[in-house]
Amino acid sequence: MAVALVQPMSEPPPLDAPPKKRERKGKKPEPFRIIELLEQARRVRLLHEATWRRNKLFVRGDQWLKYDDISGMPIDQHVPAWKKFTTVNVVYNHRRVLTSKRTAIDHIPIIIPTTSEETDRAKARVAEQSIKWVFRENDYEQERVYNAIDAVETGSSWYRVDWDASRGAELDQMPPESGEPAGPERSGLPVFRNVSPFEVFISPGAMRLQDARWILHVQWVSKDYVLERWGQDVEPGDTADIDVILQQRTPLDPDTQRQAERFVAIIECWHKPNKDHPKGYYAAVCNSEVIDWRGELEPWGFPFVYMPFDPDPDAFYGTTPITNVCQIQADLNRLVAAMLEGANHSMFPPVMVPNGSNLQTPTGDPGEHLSYNETAGRPWVMETRSIDPQVFQITSLL
């Protein structure tokens, strides 16, 4: 099925135009202000993060965890060795079905020309092929699968769209006056990728993305990536932004803590105009220092696309049926585990042994002869109740 992206075409897109050089104008933002924005946004959405984390862990089969009432983080629990923890992972099947339905439609770009003239129709065809080429370059099919999984599991999904000046077609350029060979100048290429909802924070109180005053993207990246993109040689630091990433990722990625010495946290902030920054600003913070900034927000605003699974008109974040299924899944697990424990008690009931009977320890061999002291009393097997057949019917309802 084709999805039409209607966009009148009067002039072809400037795909071969080099990007304008970005200048640092205006007042440099303070890093602690950006970290304060991050902490403010995290406090507001703690309950959302706890629900997202539980949904993701349930889908992956970790369904017997206990959670802290305040932070929503999984906590250790001590239970008897005989207790059953059976997982009947119905949630995974629900997620797989919903993800398949969300990605079943092929996104085929269709550009509708403004007139029926051959020149406009030719421009539209070129634009269609250009968009398809950008899709292939960004591995769009894989990215939209990741996006659909995030939407189904958390109710929220994000795309980030950037401009990469190092990609695209090579442009003709004049040789430098110094005579030294220069690297090829390229036309640039739009780059989009799915980003985790745990990494994106918006200003509290915003009901829609266009209503947000600022947006933050917090990433856990390698030091080499920071050196390549921003030209900064940084070291991991014991700061609040590091703690934020560890709290987000540790329950889902156990290797994060062990790899902490090779990674750093980057906070990118896009802020709309305010009193101190009349044109808005962009800033990147690492280890409580601003490593990059621009004193003017781009004309298109935030480089993000927000896609909820089921939009909630009374809140920014969307909802997902996985949240409701998790409670039913937990009830089913407890019921099946109790049935298995009951079956074990029925097949291997407790044995009552009087004091002083000196009962020989049973080995379980067929036809085994056991000796005991009859004067102390004869051991006997405790009677156990069988499982009601209606209990098995309840499992089919769940």
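Being a predicted model, the structure only gives us computed values, none of them experimental. (Residues numbered from 1 in each chain as written. Predicted model: local features only at pLDDT ≥ 70, side-chain atom pairs only at ≥ 80, totals over all residues. Heavy atoms only, no water.)

Peer 1: Before we move on, could you go through the packing of aromatic side chains and cite the residues and values that matter?
Peer 2: Within the structure shown, the criterion is met by 15 aromatic pairs. Look at F135 and Y140: their rings are 4.5 Å apart centre to centre, the planes differ by 25°, and that puts the pair in the stacked class. One exposure class covers both F135 and Y140, and it is buried. Taking the centre distance of 5.3 Å and the plane angle of 85° together, the rings of W270 and F304 count as edge-to-face. Here W270 is found in strand β7 (residues 263-271), whereas its partner F304 is found in strand β10 (residues 304-306), with 34 residues between them in sequence. By the burial criterion, W270 is buried, and F304 matches it. Among the aromatic residues, those joined into a cluster by ring pairs are W52, W158, F198, W270, Y282, F304, Y306, F316 and Y317. Lying across the ring of F201, R45 places its NZ or CZ 3.9 Å from the centre. (Phe/Tyr/Trp six-rings, centres within 6.5 Å; stacked < 30°, edge-to-face > 60°. Buried < 20%, exposed > 50% of the residue type's maximum accessible area, 1.4 Å probe, protein only. Helix = DSSP H or I, 4+ residues; strand = E, 2+ residues; numbered from the N terminus. Lys NZ or Arg CZ within 6 Å of the ring centre and 35° of its normal.)

Peer 1: Would you mind going over the sheet that holds strand β5 (residues 200-202) in detail, with residue names and values included?
Peer 2: As summarised here, the arrangement of the five strands in space is β5-β6-β7-β8-β9, forming an open sheet in which the pairing is antiparallel. The open sheet terminates on both sides in strands that have one partner only, identified here as β5 and β9 (289-294). Across this sheet, the average inter-strand angle for adjacent strands is 20°, counted without regard to direction. Set on the sheet, helix α1 (residues 31-44) makes contact with β5, β6 (214-222), β7, β8 (281-286) and β9; between it and β6 the angle comes to about 100°. (Pairing = 2+ DSSP bridges. Axes fitted to C-alpha atoms, helices over the stretch in contact; angles between N-to-C directions. Contact = heavy atoms within 4.5 Å.)

Peer 1: I'd love a proper account of the sheet that holds strand β4 (residues 189-195), names of residues and values included.
Peer 2: The strand order across the open sheet formed by three strands is β4-β3-β10, and the pairing between neighbours is antiparallel. This sheet does not close on itself; its edge strands, each paired only once, are β4 and β10. For this sheet the average axis-to-axis angle between neighbouring strands, irrespective of direction, equals 20°. On top of the sheet, helix α5 (residues 140-154) reaches β3 (158-164) and β4; it is set at about 30° to β4, its chief contact.

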